[in-house]
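Chain by chain, the residues:
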Amino acid sequence: MKLGIVGLPNVGKSTLFNAITKAGAESANYPFCTIEPNVGIVAVPDERLNVLDKMFNSDRIVPTAIEFYDIAGLVKGASKGEGLGNKFLSHIREVAAIVHVVRCFEDDNITHVDGSVSPERDIDTINTELIISDLELLERKIDKTKKLMKGDKTLQEELDFLLRVQEALSNGQSARTIATNENEEKILKETNLLSVKPIIYVANVSEDDLLDAGSNPYVKVVKDIAEQENAEVVTICAKIEAEIAELDDEEKVQFLQELGLSESGLDKLIKASYHLLGLISFLTAGKPEVRAWTIKKGTKAVKAAGKIHTDIERGFIRAEIISYEDLIRCGSMQAAKEQGLLRLEGKDYEMKDGDVVHFRFNI
């Protein structure tokens, strides 16, 4: 899963990136500090792996991972090549979802590219640039479809839909908010528009506001905008996340408790990402390793097997499955078998989050 961290210059993008990846991306108080996107791979926290590791006495734990791309700060006019606009837009095309960091704190020592803090204006600036870029791409797509229609009248429905998308974009509406049927959804994905990508807004607040973010008027603005777009919102303090990143696991738990927090901003961001993209994890466990595998909700068993290896998908016979909760309650795989909780499922079984599975296959 690839997530692109975007936002205006000096909103805390690179500070957040450094904190959650410990990659040491340069962070400074001037625009365009980030030019090429820094990439960091983050292990997804999953306490279930630690529990299974003890049960199976495994040699190693392999969590699933997320790739974060720290993409250059955007400015007004990026779609016309201002700043590093063209590079910024091309990098966004490569990610599955956008993590839009929005500045929700005042600090006279950190310059804002527009001179003042305004989440609504900042969000509008980036969304507008994505939409303008999409309109240019869509115009070419419409022209091509019109030419193809001369020999294929069945494309009329597609053309009508593209014109409707064009009208929505022209009115400032992001493509991801346009109501579609199944066929239109497919067409929309094939257009590769930037504003169709799902988005998570990260409200970056001060240390003082983190525990009472509801009283921060800037956060309320972000949440209102996200609600209109059916987007996710995560409130974090990038500065605190940077401090957490320097701690070991035990110190991290203690530090969060002292702050009165149940989880880190990274944990909240990952959960929001999974929810936004409709992702779940299934688990495999044994002596060699305990591992988590990320798949789309609704994935069939045979396709999940292919996530591990294409040979397993090709030679799929059956899946031996038990839910994580049932396994832990029984205390061992043998006890689960004795209680009849280990199920045999075929290739059309729809995988569930937390399924502990062993695939049988033959090639």
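Below or above, wherever it landed, is the structure these notes cover. Predicted model, so just to flag it, every value in this text is computed and none were measured. All residue numbers here refer to positions counted from 1 along the written sequence of the relevant chain. This being a predicted model, a pLDDT of at least 70 is required before a residue's local features are given, and a value of 80 or more before pairs of side-chain atoms are given or counted; all residues contribute to the totals for chains, interfaces and linings. Each side-chain value is derived from all of the structure's non-hydrogen atoms; neither hydrogens nor water enter the calculation.

### A few points about the layout of surface pockets
Working step 1: Detection works on a 1 Å grid of protein atoms alone, calling trapped sets that fit a 1.4 Å probe cavities and calling open sets with protein on both sides within 12 Å along at least five of seven lines pockets, with lining residues defined by an atom within 4 Å of a point. Grid points are joined across faces, edges and corners, and a volume is the space filled by probe spheres set on the points. Taken as a whole, the largest pocket encloses approximately 1000 Å³ of empty space.
Working step 2: Contributing to the lining of the largest pocket are 33 residues, with Ala-43, Val-44, Pro-45, Lys-252 and Asp-267 lying nearest its centre.
Working step 3: Per the convention used, a helix needs a DSSP run of H or I reaching at least four residues, while a strand needs a run of E reaching at least two, with both numbered from the N terminus. At five residues, helix α10 (residues 265-277) tops the list of elements feeding residues into the lining of the largest pocket.
Working step 4: Gly counts as polar in this scheme, as do all residues outside two lists: the nonpolar Ala, Val, Leu, Ile, Met, Phe, Trp, Tyr, Cys and Pro, and the charged Asp, Glu, Lys and Arg. The class makeup of the residues in the lining of the largest pocket is 17 nonpolar, five polar and 11 charged.
Working step 5: If you add up the space inside the second largest pocket, you get close to 780 Å³.
Working step 6: Contributing to the lining of the second largest pocket are 33 residues, with Ala-96, Lys-189, Pro-198, Leu-277 and Lys-296 lying nearest its centre.
Working step 7: Elements supplying a minimum of two residues to the lining of the second largest pocket: α6 (182-190), α10 and β9 (290-296).
Working step 8: Top contributing element to the lining of the second largest pocket by residue count: β9, with six residues.

### Describing the sheet that holds strand β1 (residues 2-6)
Working step 1: At least two DSSP bridges between two strands are required for those strands to pair. Within the open sheet, the six strands sit side by side as β2-β4-β1-β5-β6-β7. Their pairing is mixed. Both outer strands of the open sheet, β2 (38-43) and β7 (232-236), are each paired with one neighbouring strand and no more. In this sheet, adjacent strand axes meet at a mean angle of 25° when their direction is disregarded.
Working step 2: Two strands pair when backbone bridges link them, and strand β5 (residues 97-103) and strand β6 (residues 199-204) are joined in this way by six bridges, in the parallel orientation. When the sheet's bridge partners are listed, Val-101 is paired in β6 with Val-202. Here an axis means a line fitted to C-alpha atoms, over the contact stretch when the element is a helix, while the angle between two N-to-C directions is reported on a 0 to 180 degree scale.

### Some details on the packing of aromatic side chains
Working step 1: Only rings of Phe, Tyr and Trp enter the pairing, Trp through its six-membered ring, and a pair is recorded when the two centres are within 6.5 Å. The plane angle decides the type: under 30 degrees is stacked, over 60 is edge-to-face, the rest tilted. Applying the stated criterion across every chain, the model contains three aromatic pairs.
Working step 2: Here the aromatic rings of Phe-282 and Trp-293 are separated by 6.3 Å at their centres, their planes lie at 15°, and the arrangement is stacked. In this pair, Phe-282 sits in strand β8 (residues 279-285) while Trp-293 sits in strand β9, placing the two residues 11 residues apart along the sequence. Across the pair, Trp-293 and Phe-282 agree in class, each one buried.
Working step 3: Aromatic pair Phe-282 and Phe-359: ring centres 6.1 Å apart, planes at 85°, arrangement edge-to-face. Taken together, the residues Phe-282 in strand β8 and Phe-359 in strand β12 (residues 355-361) connect sequence positions 77 residues apart.
Working step 4: Through a chain of ring-to-ring contacts, three or more aromatic side chains come together here, namely Phe-282, Trp-293, Phe-316 and Phe-359. The buried label goes to any residue with under 20% of its type's maximum accessible area, the exposed label to any with over 50%, and the partly exposed label to all in between, with areas taken from a 1.4 Å probe on protein chains only.

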